[in-house]
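# Breakdown of the fold
Here is how the chains run, residue by residue.
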Amino acid sequence: MTTKAQNYLQNFRNIGIAAHIDAGKTTTTERILYYTGRIHQIGETHEGASQMDWMEQERERGITITAAATTAQWTRSGTDDVYTINIIDTPGHVDFTIEVERSMRVLDGAVAVFDASQGVEPQSETVWRQADRYGVPRIAFANKMDKTGASFELVINDIKERLGAIPAPVQYPIGAESEFQGIIDVIRRRAYFYTNDLGTDIREEDVPAEYADKVAEMRDQLVEAAAEVDESIMDMYLSGEEPSEEQLVAALRKGTVEKLIFPVLCGSSLKNKGVQLLLDAVVDFLPNPLEVPAIKGVLADDTSEDPETRTFPADPEGQLAALAFKIMADPYVGRLTFVRVYSGTMTSGSYIYNASKGKRERVGRLLKMHANSREEVDVLKAGELGAVIGLKDSGTGNTLIGDGDEEVLLESIDVPEAVIKL
Ligand code: GDP
């Protein structure tokens, strides 16, 4: 049951973009920040500037893709529903560092970016296994569809063969390599053609005749996959009834959140194709903070082998439980402690307790980091991420709770090296 105070969480997505080096994580993130900051719907047109002009202008304005967590707003295409998407920076290290593991712990879902000309490379496999280890639901983005040798089928096949996962292709590319023109939404049976370099002018059409059979076949497979995870779709499937788009999305979302299937999308972030549809898919398929298992903690003074645990559901009215996951030095304000608040509400000017260090700390100011601005806020509520100014002793991985509350340590993420090795 969701209480009224928890309602806002349904429109939250805390995600990471996971990729091995060179697959296009930086380009994809830049595009996401551009579209979330400037353009809210498919169909809005911003003509005039060439792509290079635009990227340079954005660079001059100083897009902050280096923040450990960046907050963006996205209006789901075709609706008025606004979503808060927090993008958590997942370090691109290929080794199993604690830092990667820690960032995996604070996100609820991830976009795995693959280079469609390479398929699943050994390094992408490593990133995928890390996400597996932390039970992170994922969607896959076959990037670089414009590149010579790009193949959507290759990525789908590799997800099956190399990762042993069940892909659910929800899109199909229109053309490939230099002829890559657009994307078909298989669920809704709509085609999107990109008619300018910025990806801001998108023509929506019926599925072109030459793709009709392929898309019909793919859609049948999606219904079958959905039937496997959802009984009502199974009943419809058996009686030959066609599920509605909403029912199909809901069932595929369930399968994704339960990590049974992995929706696969395609695009070219460099050529500005497919990024808005990727954001729509983040909203459609990746979980909100209420849909993932609540974080657990153990009583700090219970040294027994099987210590007592407490659960902290995402609720702004619950007890404060937050995790410091990254410390950054800022030239203007000094030490920034990035936190994810899991439960309760952190208030600027209040005292909190660092249960890992056994120290009381004062929260100075609270910031939400946007692509090219920072916003000072009074509170960070359950499900939110932001930066705290003023914490002196809190380090990465520390548990922050309410001053005077029962001392609890959140689920350990400082996993010993030996355990991390897969
Ligand atoms: P990262 O290492 O994963 O962050 O990858 P980058 O975003 O820095 O991209 C690596 C290289 O691939 C750069 O030279 C990009 O310009 C290029 N790249 C990224 N996305 C695409 C794409 O969609 N198509 C093509 N052809 N190249 C891309």
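Residues numbered from 1 in each chain as written. Predicted model: local features only at pLDDT ≥ 70, side-chain atom pairs only at ≥ 80, totals over all residues. Heavy atoms only, no water.

An unreviewed UniProt entry lists the protein chain under the name Elongation factor G, with Deinococcus proteolyticus as the source organism. The UniProt entry for the protein chain carries this comment under Sequence similarities (unreviewed entry): "Belongs to the TRAFAC class translation factor GTPase superfamily. Classic translation factor GTPase family. EF-G/EF-2 subfamily." (UniProt positions renumbered as here; feature names shortened; annotations may be inferred.)

Further remarks concern empty space enclosed by the protein. Within this structure, the stated rule accounts for 2 cavities of 30 Å³ or more. Ala-18, Ala-19, Ala-112, Val-113, Phe-114, Ser-124, Val-127 and Trp-128 are the residues that line the second largest cavity. When contributions to the lining of the second largest cavity are tallied by element, the ones reaching two or more residues are strand E4 (109-115) and helix H4 (122-133). Counted by class, the lining of the second largest cavity contains 7 nonpolar, 1 polar and no charged residues. (1 Å grid on protein atoms, 1.4 Å probe; cavity = no way out; pocket = protein on both sides within 12 Å on 5 of 7 lines; lining within 4 Å. Points joined across faces, edges and corners; volume = space filled by probe spheres on them. Helix = DSSP H or I, 4+ residues; strand = E, 2+ residues; numbered from the N terminus. Nonpolar A, V, L, I, M, F, W, Y, C, P; charged D, E, K, R; others polar.)

Before going further, it helps to examine the packing of helix H8 (residues 245-257) against helix H9 (residues 275-285). Two numbers describe how H8 lies on H9: the axes approach to 8 Å, and their chain directions differ by 80 degrees. Comparing their axes, H9 and H8 come out roughly perpendicular. Counted together, Val-249, Leu-252, Arg-253, Thr-256 and Val-257 of H8 and Val-283, Asp-284 and Phe-285 of H9 form the full contact between these two elements. Of the residues assigned to the contact of H8 with H9, the class counts are 5 nonpolar, 1 polar and 2 charged. (Axes fitted to C-alpha atoms, helices over the stretch in contact; angles between N-to-C directions. Parallel < 35°, antiparallel > 145°, perpendicular 65-115°, else oblique. Contact = heavy atoms within 4.5 Å.)

Right, let's get into the layout of surface pockets. The calculated volume of the largest pocket comes to roughly 630 Å³. Those elements that place two or more of their residues in the lining of the largest pocket are strand E9 (190-194), H8 and H9. With 6 residues, the single largest contributor to the lining of the largest pocket is H9. Here the lining of the largest pocket is composed, by residue class, of 12 nonpolar, 8 polar and 12 charged. Lining the second largest pocket are 21 residues, and of these Lys-160, Pro-167, Ala-168, Pro-169 and Gln-221 sit closest to its centre. Looking at the lining of the second largest pocket, the element that brings in the most residues is helix H6 (residues 212-229), giving 9 residues.

Let's shift gears to the sheet that holds strand E13 (residues 309-312). Spatial strand order, E13-E12-E24: 3 strands in an open sheet with antiparallel pairing. Lying at the two open borders of the sheet, with one neighbouring strand each, are E13 and strand E24 (408-410). Put simply, the sheet's adjacent strands are angled 35 degrees from each other on average, direction ignored. Taken together, the 3 bridges between strand E12 (residues 295-299) and E24 define a ladder with antiparallel strand orientation. By the bridge assignment for E24, Gly-297 is matched with Leu-410. (Pairing = 2+ DSSP bridges.)

For the rest of this paragraph, the subject is the site of the ligand. Taken together, 15 residues sit near the ligand, with Asp-22, Lys-25, Thr-26, Thr-27 and Asp-146 positioned nearest. In this structure, an oxygen atom belonging to the ligand sits 3.1 Å away from a side-chain N or O atom of Asn-143. For the ligand, an oxygen atom lies 3.2 Å from a polar atom in the backbone of Leu-270. Contact with the protein chains hides 73% of the accessible area of the ligand, taken as 570 Å² for the molecule alone. Looking at which element gives the most residues to the shell around the ligand, the answer is helix H1 (residues 25-38), with 3 residues. (Near = heavy atom within 4 Å. Polar contact = N/O pair within 3.5 Å; in protein donor to acceptor, adjacent residues only side chain to side chain. Areas by Shrake-Rupley, 256 points an atom, 1.4 Å probe, with all protein chains shown as cover.)

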